[in-house]
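What the coordinates show
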Number of protein chains: 2
Amino acid sequence: MGKVATREALRFMTDCLKAAGASAKAAEQQADLLLQADRMGHPSHGLNRLELYVNDILTGACTPNNEPKILKETPSTAWVDANNVLGATASHFGMNIAIKKAKETGVGWVTVKGSNHYGMAGYWGKKAADNSLIGMAYTNTSPLLAPTRSKKAALGTNPLAVVAPALDGESFYLDMATTAVAVGKIEMQMRKGEPLPSGWAQGPDGTETNDATLAFNTGCLMPLGGGEHTSGYKGYGLAAMVELFCGILSGSNYGHHIRSWSHTGKGGPANLGHCFVALDPECFAPGFADRLTDCIQHWRNLEPADPKTPVMAPGDKEKRAAKATDERGTVSYVKQQIETSAAMAERLKVTPMDVKLD
Amino acid sequence: MGKVATREALRFMTDCLKAAGASAKAAEQQADLLLQADRMGHPSHGLNRLELYVNDILTGACTPNNEPKILKETPSTAWVDANNVLGATASHFGMNIAIKKAKETGVGWVTVKGSNHYGMAGYWGKKAADNSLIGMAYTNTSPLLAPTRSKKAALGTNPLAVVAPALDGESFYLDMATTAVAVGKIEMQMRKGEPLPSGWAQGPDGTETNDATLAFNTGCLMPLGGGEHTSGYKGYGLAAMVELFCGILSGSNYGHHIRSWSHTGKGGPANLGHCFVALDPECFAPGFADRLTDCIQHWRNLEPADPKTPVMAPGDKEKRAAKATDERGTVSYVKQQIETSAAMAERLKVTPMDVKLD
C-alpha cells in the first residue's frame, strides 16, 4: 500500500486527463469525482477508473471538449444529448438542469444520452442534496447481470442513488448497484482463494457457483436477492427499472446493446444513458429534515444482534471513510494501482504521483 | 378450494364495504383493487384483506366517506391529506393529480398523508400506464423489516411499483416489497412443515433462522438481499428510500411510529403515507415504447439455465395469472377464506358469496 495526499491525488488525476486532451474544467470535474470515491471508501470507482477514462479519450471513444445540449424540455423535464463528453461533464450538466427545474416547479427530471461512465452514483445525488433537494441518479452500464433463470447477462450493474439532506449536516445517502455484489468483490475472493457466498454469481451453465475463479471468468452476476427462491427477480426488476429510466427513456444504448466492459477504449463511444431527478421537500409537509433525522438516529440506536457491529443508517459507512480520509489527509492505494499510475505518468508525460510507501 | 365468478367476488366485497358504511363509489373502488390482486395471482392482497378494511371502518379507525384534499401544490407537485379515507379512494385522488400534472409539465409528484392500506402497489402504477405515462407508487407499512444488524423491525415491507406502457398492450410491470419475502410465504412454509431458505427472516436473537414457526412468531423479516454478506443492507436502504418518499415527505406516521399490523382495527387510524409519481415518456427520446418492447422480448427469449423454466420479463407472472383468471371467469379461494367470508356475510347481513366448492 502507498499513501498519497488527497490534493496530490487530485492533481495527478487532473493532469493525466488534461494530458490526454480534456479541458482544464472537464479534467478537474472528472478527477474530483474519482477522488471522492477514493475518499468515501469506494476505491473501485476512484483512481482505479482513471485508465478507462484516459483510454476512452486517447482512442477517440470519448470527446471530452464537446458541449452537451438540451434536445427537448418542459417546465419539469429535459432530454439531453451529452455529445460524448466525460461522464462528470454530462452529469453536472444534467443535474444542474434538474436542480434548476426543481427550484422552479418542485421537480426536475432529466435524462441524458450519449454519455460515458459517470462514476459513483451518490456523487450526483449529493449534488442535489447540497442544494437542499432530494437527489436521485441512475445510470445504465455494460451487461453483467443475468436476469433470473437466464444463462447470460442482459443488463448492467445499473446503480441507483438517492440522497436527501437532514439536520446538522446529516443526510440519507443510498448508493447501490442492483446486482448482489460488484465484480471487484468476486475478484477479491478469488485472490484470497476463498469460495463465494451463495447468491453472488453464476457459472457458464447459468447456475449459481461458489467458485470465485469460475465466477470471475464467466462475468455473470446475480441480481440483488440472489436466486429465485430468495427473490432475485426483484433485483432483476430494479436493474430493469434503472434501464427504463436511462437508456429506454433517453434513447442511448441500452441493456443488451451496450458495449462490453473494457478499460481499453475499444468498441467506440459507449453512448450510455443517465437519469437525474431533483425534488424539493419544501413542496410537501413541513418538518422533512426533522423526521429524516429522527429516523437516522433511531436506526443507529437499534439494538444490534451482535454488540460489536452496531446498526448503521444508509451512508454511514461512506461518511466514516470520508471522515477518516479527511483526518489523515491522504488516500491509500494498492501496489498495482501505484504501478499503473507510474506507468501512466510516463506514458502521458505528467509529473508522477508523489507516493509514500508503507 | 372454492371457485367464485369474478363478478360475484366483486359484488360480495363491494356489498361488505357498503354494509360497513362506505359509500357506493368508495366501496366499488376498494373492491376492484382487491379483486385485481386475486385476479393477478396475489391473493394476500385480495379478498384476504377485506376483513382488515371492514374492521377499520367499523371501529372508526377509517372514515371512508371523508373527502381527501390538497394541502399544497406547485405545477408538478401536490401534498395531499387523505383525511383517513380508504386506501383506494386516497390513491385514486393522489394518482389522478400526478397524471394531470404529468400531462401538463412532464412530471407529477404527489405525496399523501392520513391514508390507509392501499393494496397492491402495481394497481396504482398501472393507472398511470393506462394513461400512456410511466407510473410509480410507493407506500409505507407497519414495521416488519429488521435493518441489517438490528434485532428488531423498524421499517415496513415498503413496496414499490413502476409500470410503463410498451407496444401492443404490453407493459413493464414491477411490483415488489423491499423485504426478501412477504410474511405469507413464511406462513406457507410453516404450514407445510418445511424449513425457510436462508435470508428470509430472523429469530428473536436477531440472527437468521430457518425455523418457519420461530420466524412466523418473531415477525421480523430480512430485507431484500438477506444477510449482510449478500448485501441485505441494499434492501434495507430501499425500504428506507420508500419511507423517505412516503412518511418523511408527507408527514404521515413513518417507520417505527406506525401502528403494528392488525386485522382488528385496533390502534386507531393508521395514518399511512403514500407517494405517486407520473412521468410522460413523450418528454424524452422518441421511440420509448419500441425500445421497451425490444427489451421485454429480449429478456423473454434469453436462453434459460433450465429449459423447463423460461426467463420472464417483470410482470409476466401477474399477466399470466390475470389471463388465466379471465379465461376461467372465476377466482379461487382457500377454505379458510371462504369460511371467513361466510361469517362476514352473516355479521354484515349481506348476501353470502356464491361459491362453487371443488
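Below is a short write-up of the structure.

Calculation criteria
- Residues numbered from 1 in each chain as written.
- Chains lettered and ligands numbered in written order.
- Predicted model: local features only at pLDDT ≥ 70, side-chain atom pairs only at ≥ 80, totals over all residues.
- Heavy atoms only, no water.
- Least-squares fit on C-alpha atoms with pLDDT ≥ 70 in both.
- Contact = heavy atoms within 4.5 Å.
- Pairing = 2+ DSSP bridges.
- Helix = DSSP H or I, 4+ residues; strand = E, 2+ residues; numbered from the N terminus.
- Axes fitted to C-alpha atoms, helices over the stretch in contact; angles between N-to-C directions.
- Buried area = accessible area lost by both parts, 1.4 Å probe.
- Salt bridge = Lys/Arg side-chain N within 4 Å of Asp/Glu carboxyl O.
- Phe/Tyr/Trp six-rings, centres within 6.5 Å; stacked < 30°, edge-to-face > 60°.
- Buried < 20%, exposed > 50% of the residue type's maximum accessible area, 1.4 Å probe, protein only.
- Disulfide = S-S within 2.5 Å.
- Left-handed = near helix turned anticlockwise from the far one by under 90°.
- Nonpolar A, V, L, I, M, F, W, Y, C, P; charged D, E, K, R; others polar.

Time to look at the relation of the copies chain B and chain A. Turning chain B through 180° and shifting it by 0.0 Å along the axis lays it on chain A, with an RMSD of 0.0 Å. The relationship between the two copies is best expressed as a two-fold rotation axis. Across chain B, the smallest distance between a C-alpha and the rotation axis is recorded for B:Gly225, namely 2.0 Å. Counting the interface residues of chain B, we find that 100% of their copies in chain A are interface residues as well, pointing to one common contact surface.

Sheet architecture is open: seven strands sit in the order S2-S3-S4-S10-S5-S6-S7 (chain A), paired in mixed fashion. Looking at which strands have only one partner, the edges of the open sheet turn out to be strand S2 (69-73) and strand S7 (171-176) of chain A. Averaged over neighbouring strand pairs, the angle between their axes works out to 15° when direction is ignored. Note: strand S5 (residues 134-139) of chain A against strand S10 (residues 272-279) of chain A, six bridges, orientation antiparallel. In the sheet register, A:Met136 faces S10(A), and the bridge partner there is A:Val277. Helix-sheet contacts for helix H8 (residues 232-250) of chain A involve strand S3 (77-81), strand S4 (107-115), S5, strand S6 (160-165) and S10 of chain A, and the interaxial angle to S4(A) is about 70°. Against the sheet, helix H8 (residues 232-250) of chain B makes contact with S5, S6, S7 and S10 of chain A, and its axis sits at roughly 135° relative to S7(A), the strand it touches most.

It is worth spelling out the interface of chain B and chain A at this point. As a measure of interface size, the accessible area lost when the parts come together is often cited. The interface is formed by 85 residues belonging to chain B together with 85 residues belonging to chain A. If you sort the residues of chain B by the area they bury against chain A, B:Arg149, B:Lys234 and B:Phe284 come out on top, with a joint share of 11%. Linking chain B to chain A there are two salt bridges. A:Lys151 is paired through a salt bridge with B:Glu303; the nearest N and O atoms lie 3.0 Å apart.

Glancing now at the packing of aromatic side chains. All names here are of chain A. Counted according to the given criterion, the structure contains 13 aromatic pairs over all chains. Both rings, one in Tyr138 and one in Phe245, keep their centres 5.0 Å apart while their planes meet at 75°; by these two values the pair is edge-to-face. A residue pair is termed long-range when its members are at least 10 positions apart, and Tyr138 in strand S5 and Phe245 in helix H8 qualify at 107 residues. Phe245 shares its class with Tyr138; the two are buried. One aromatic cluster in this structure is built from Tyr118, Tyr123, Trp124 and Phe276.

Tallied over the entire structure, the rule returns zero disulfides over all chains. Looking at A:Cys220, it has no disulfide partner, and the nearest cysteine sulfur is the one in B:Cys295, 17 Å off. Look at A:Cys220 and you get buried, because its relative accessible area is 4%. Just so you know, A:Cys283 is unpaired, no disulfide at all, and the nearest cysteine sulfur is the one on B:Cys275, 12 Å from it.

All names here are of chain B. In this fold, Asp32 is placed in helix H2 (residues 24-39). In sequence terms Asp32 and Gly156 are 124 residues apart; their C-alpha atoms lie 24 Å from each other. In this structure, Asp32 is in contact with Leu10 and Tyr123, ignoring residues within four places of it in sequence.

This next bit is on the packing of helix H4 (residues 87-105) of chain B against helix H5 (residues 121-129) of chain B. All names here are of chain B. Their axes nearest at 10 Å, the elements H4 and H5 cross at an angle of 35°. By crossing handedness, the relation of H4 to H5 is classed as right-handed. Residues Gly87, Ala88, Ser91, His92, Met95, Asn96 and Ile99 of H4 lie in contact with H5, whose contacting residues are Tyr123, Trp124, Gly125, Lys127 and Ala128. Within the contact of H4 with H5, the residues separate by chemical class into six nonpolar, five polar and one charged.

So, about the environment of A:Gly108. Residues and elements named next belong to chain A. Looking at the element boundaries, Gly108 is found in strand S4. Judged by its relative accessible area of 0%, Gly108 falls in the buried class. For the pair formed by Gly108 and Asp175, sequence separation is 67 residues and the distance between their alpha carbons is 20 Å. Residues in contact with Gly108, not counting those within four places in the same chain, are Ser76, Ala98, Lys101, Ala102, Phe276, Val277 and Ala278.

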